[in-house]
Amino acid sequence: MNWTLEVIPVPVSDPDRAKTFYADRVGFTVDLDDEVAPGVRIIQLTPPGSRCSIALLQGMPPMPGTRDMDPGTLHGLQLCVTDIEAAREELAGRGVDVSPVRHVGEKGWEDGKGGTWNSFLTFEDPDGNGWVVQEAPSELSER
C-alpha cells in the first residue's frame, strides 16, 4: 500500500490574501475554493508539477487528536526546482520577498550556489509561514 503525501494544511489569518499570494505571486494553481459546510471554506492550491497540494482552511474545526496551528507557525515546507536562480528570478519578479541563493559551506550558510542538492532560497507568505526552495539535479520523475 502506498502512503502518499497529498495535502498540507497551511495556517493563515486571511484566506483571500493567502490565496492571492500563493496563486498570483508564487504561481500555484487554485484547485478548489469552496464552502464545504456552513462556515467551513477550503482553498486548495498545487505547486506546478507537484502531486502534493496545500490547503488554506477557514472555520474548519480541528480533527480529534490534532492541534490547531496559529497563522505563521508552519516552517520548513520545502519545494524542489531544477534551476534555483530561475526560480528566484521568477518569485522576485512576481513580488515575493525572496532570500538570496545560499548553500551550506565550511562556516555555515554562505551566499551563492553550492554543489548538487546544496542550493537553497527561502521566502514567507503574508502570515510568516516559511518556505524553503532547494535545487535538485533533475526532475523527480527522473530520479
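Residues numbered from 1 in each chain as written. Predicted model: local features only at pLDDT ≥ 70, side-chain atom pairs only at ≥ 80, totals over all residues. Heavy atoms only, no water.

1. Structural notes on the sheet that holds strand β3 (residues 40-46)
- Strand order in the open sheet formed by 4 strands is β1-β4-β3-β2, with mixed pairing between adjacent strands. Of all strands in the sheet, those with a lone pairing partner are β1 (7-9) and β2 (29-37), marking the two edges. The sheet shows a mean angle of 25° between the axes of neighbouring strands, taken without regard to direction.
- Bridging between β1 and strand β4 (residues 53-58) involves 3 bridges; their strand directions are parallel. Bridged to I8 within β4 is I54. (Pairing = 2+ DSSP bridges. Helix = DSSP H or I, 4+ residues; strand = E, 2+ residues; numbered from the N terminus. Axes fitted to C-alpha atoms, helices over the stretch in contact; angles between N-to-C directions.)

2. Focus: the pattern of salt bridges
- In this structure the tally under the stated criterion is 7 salt bridges.
- For E90, the salt bridge identified is with R94, shortest N-O distance 3.7 Å.
- With a relative accessible area of 44%, E90 lands in the partly exposed category.
- Salt bridges linked by common partners bring D16, K19, D33 and R41 together as one network. (Salt bridge = Lys/Arg side-chain N within 4 Å of Asp/Glu carboxyl O. Buried < 20%, exposed > 50% of the residue type's maximum accessible area, 1.4 Å probe, protein only.)

3. So, the layout of surface pockets
- Here the largest pocket defines a volume of roughly 980 Å³.
- In terms of lining residues, the largest pocket is bounded by 34 residues, among which P47, P48, S50, L79 and C80 are the most central.
- Elements supplying a minimum of two residues to the lining of the largest pocket: β4, β5 (75-81), α2 (84-93) and β9 (130-135).
- Of the residues in the lining of the largest pocket, the class split is 20 nonpolar, 7 polar and 7 charged.
- In this structure, the second largest pocket spans a volume of roughly 490 Å³.
- Lining the second largest pocket are 21 residues, and of these P9, L57, M60, D68 and M69 sit closest to its centre.
- Contributions of two or more residues to the lining of the second largest pocket are made by β1 and β4.
- When grouped by side-chain class, the residues that make up the lining of the second largest pocket number 15 nonpolar, 4 polar and 2 charged. (1 Å grid on protein atoms, 1.4 Å probe; cavity = no way out; pocket = protein on both sides within 12 Å on 5 of 7 lines; lining within 4 Å. Points joined across faces, edges and corners; volume = space filled by probe spheres on them. Nonpolar A, V, L, I, M, F, W, Y, C, P; charged D, E, K, R; others polar.)

4. Section: α2
- Along α2, the residues that are buried comprise I84, A87 and L91. Buried positions in α2, seen along its axis, are confined to an arc of 60° and lie on one side of it. Seen from the open side of α2, the exposed residues pointing more than 90 degrees away from its buried face are E89 and G93.
- On the buried face of α2, the contacting elements are α1 (15-25), β5, β8 (120-124) and β9.
- N-capping of α2 is provided by D83, with a side-chain oxygen placed 3.2 Å from the backbone N of E85. (Arc of directions from axis to C-beta. Contact = heavy atoms within 4.5 Å. Polar contact = N/O pair within 3.5 Å; in protein donor to acceptor, adjacent residues only side chain to side chain.)

5. Regarding α1
- Taken together, the buried positions of α1 are occupied by P15, A18, F21, Y22 and A23.
- If you check the start of α1, you find a side-chain oxygen 3.1 Å away from the backbone N of D16, and it comes from D14.
- The first or second residue beyond α1 is G27, which carries a positive phi of 95°.

These figures come from the coordinates and say nothing about function on their own.
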